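Single-letter residue listing:
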Amino acid sequence: MAYSTELADRVRERLSIIKNIEVEEKKMFSGLSFLVNGKMCINISHDNLMCRYDPELEDEVSEKKGFLPMIMKGKQLNGYCYVEPIGFQKADDFEYWITICLDYNPVAKASKK
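Residues numbered from 1 in each chain as written. Predicted model: local features only at pLDDT ≥ 70, side-chain atom pairs only at ≥ 80, totals over all residues. Heavy atoms only, no water.

A. Layout of the sheet that holds strand β2 (residues 31-36). Strand order in the open sheet formed by six strands is β1-β2-β3-β4-β6-β5, with antiparallel pairing between adjacent strands. With partners counted over all chains shown, the strands left at the sheet margins are β1 (23-28) and β5 (67-72), one partner each. This sheet shows a mean twist of 30° between the axes of neighbouring strands, independent of strand direction. Note: strand β3 (residues 39-45) against strand β4 (residues 48-52), four bridges, orientation antiparallel. Residue pairing across strands places N43 opposite M50, the latter belonging to β4. In the packing of helix α1 (residues 5-16) onto the sheet, the strands contacted are β1, β2, β3 and β4, and the crossing angle to β2 comes to about 10°. In the packing of helix α3 (residues 91-104) onto the sheet, contacts are made with β2, β3, β4 and β6 (75-83), and the angle to β4 comes to roughly 30°. (Pairing = 2+ DSSP bridges. Helix = DSSP H or I, 4+ residues; strand = E, 2+ residues; numbered from the N terminus. Axes fitted to C-alpha atoms, helices over the stretch in contact; angles between N-to-C directions. Contact = heavy atoms within 4.5 Å.)

See below:
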(Lines give C-alpha, C1' and ligand atoms only; values in the text may rest on other atoms or scores of the structure.)
Protein backbone atom coordinates (compact mmCIF):
# COMPACT_ATOMS: atom_id res chain seq x y z
CA MET A 1 0.00 0.00 0.00
CA ALA A 2 1.62 3.13 -1.23
CA TYR A 3 0.78 6.42 0.37
CA SER A 4 2.61 9.59 1.31
CA THR A 5 3.77 9.31 4.90
CA GLU A 6 4.32 13.08 4.94
CA LEU A 7 0.70 13.69 3.99
CA ALA A 8 -0.44 11.10 6.54
CA ASP A 9 1.54 12.93 9.21
CA ARG A 10 -0.04 16.22 8.16
CA VAL A 11 -3.56 14.78 8.47
CA ARG A 12 -2.69 13.00 11.73
CA GLU A 13 -1.34 16.24 13.22
CA ARG A 14 -4.44 18.19 12.20
CA LEU A 15 -6.85 15.59 13.60
CA SER A 16 -4.90 15.35 16.86
CA ILE A 17 -5.88 18.89 17.89
CA ILE A 18 -9.61 18.19 17.79
CA LYS A 19 -11.19 17.39 21.11
CA ASN A 20 -13.85 14.73 21.69
CA ILE A 21 -13.27 12.64 18.60
CA GLU A 22 -11.89 9.15 18.27
CA VAL A 23 -9.46 8.65 15.39
CA GLU A 24 -8.49 5.23 14.10
CA GLU A 25 -6.04 4.62 11.27
CA LYS A 26 -6.74 1.70 9.00
CA LYS A 27 -5.11 0.48 5.80
CA MET A 28 -7.81 0.45 3.13
CA PHE A 29 -8.60 1.80 -0.35
CA SER A 30 -4.97 1.13 -1.33
CA GLY A 31 -3.81 3.65 1.24
CA LEU A 32 -4.31 4.81 4.80
CA SER A 33 -7.75 5.79 6.04
CA PHE A 34 -8.51 7.98 9.00
CA LEU A 35 -11.74 6.87 10.61
CA VAL A 36 -13.33 9.48 12.86
CA ASN A 37 -15.77 8.14 15.41
CA GLY A 38 -15.91 4.84 13.54
CA LYS A 39 -16.58 6.30 10.07
CA MET A 40 -14.24 6.75 7.13
CA CYS A 41 -13.46 10.45 6.96
CA ILE A 42 -10.21 11.05 5.06
CA ASN A 43 -7.91 8.73 3.18
CA ILE A 44 -4.38 9.07 1.88
CA SER A 45 -3.92 7.36 -1.49
CA HIS A 46 -0.44 7.75 -2.99
CA ASP A 47 0.08 11.54 -2.87
CA ASN A 48 -3.63 12.39 -2.94
CA LEU A 49 -6.26 13.00 -0.33
CA MET A 50 -9.48 11.07 -0.67
CA CYS A 51 -12.26 13.03 0.97
CA ARG A 52 -15.76 12.15 2.14
CA TYR A 53 -18.07 15.16 2.34
CA ASP A 54 -21.71 16.19 2.11
CA PRO A 55 -22.90 15.27 -1.41
CA GLU A 56 -24.83 18.56 -1.48
CA LEU A 57 -21.44 20.31 -1.78
CA GLU A 58 -20.61 18.48 -5.02
CA ASP A 59 -20.88 21.54 -7.30
CA GLU A 60 -18.74 23.69 -4.98
CA VAL A 61 -16.17 20.98 -4.38
CA SER A 62 -15.82 20.06 -8.05
CA GLU A 63 -14.65 23.61 -8.81
CA LYS A 64 -11.74 23.39 -6.36
CA LYS A 65 -8.18 23.16 -7.60
CA GLY A 66 -6.90 19.58 -7.57
CA PHE A 67 -10.35 17.96 -7.50
CA LEU A 68 -10.67 14.56 -9.15
CA PRO A 69 -14.02 12.74 -9.15
CA MET A 70 -14.14 9.34 -7.51
CA ILE A 71 -15.31 6.80 -10.07
CA MET A 72 -16.53 3.36 -8.96
CA LYS A 73 -17.98 0.81 -11.38
CA GLY A 74 -18.05 3.46 -14.10
CA LYS A 75 -20.07 5.99 -12.10
CA GLN A 76 -19.07 9.12 -10.23
CA LEU A 77 -19.55 8.67 -6.51
CA ASN A 78 -20.95 11.95 -5.15
CA GLY A 79 -19.71 12.87 -1.72
CA TYR A 80 -16.26 11.40 -2.36
CA CYS A 81 -13.33 12.74 -4.33
CA TYR A 82 -9.60 12.64 -4.70
CA VAL A 83 -7.60 15.81 -4.33
CA GLU A 84 -4.24 16.14 -6.05
CA PRO A 85 -1.40 17.82 -4.10
CA ILE A 86 -1.87 21.13 -5.92
CA GLY A 87 -5.27 21.34 -4.26
CA PHE A 88 -4.02 21.18 -0.66
CA GLN A 89 -0.47 22.54 -0.68
CA LYS A 90 -1.54 25.85 0.83
CA ALA A 91 -2.61 25.72 4.48
CA ASP A 92 -6.01 27.31 3.75
CA ASP A 93 -6.76 24.77 1.03
CA PHE A 94 -5.72 21.86 3.26
CA GLU A 95 -7.94 23.22 6.02
CA TYR A 96 -10.88 23.46 3.60
CA TRP A 97 -10.71 19.76 2.75
CA ILE A 98 -10.23 18.64 6.35
CA THR A 99 -13.12 20.86 7.51
CA ILE A 100 -15.66 19.63 4.96
CA CYS A 101 -14.79 16.03 5.83
CA LEU A 102 -15.10 16.62 9.57
CA ASP A 103 -18.31 18.62 9.15
CA TYR A 104 -19.96 15.74 7.32
CA ASN A 105 -18.68 12.99 9.61
CA PRO A 106 -21.38 13.27 12.32
CA VAL A 107 -24.18 12.65 9.79
CA ALA A 108 -22.32 10.23 7.50
CA LYS A 109 -23.50 6.64 7.58
CA ALA A 110 -21.16 4.10 9.09
CA SER A 111 -20.26 1.20 6.85
CA LYS A 112 -21.70 -2.19 7.60
CA LYS A 113 -19.36 -4.39 9.58
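Structure shown, so let's carry the discussion forward.
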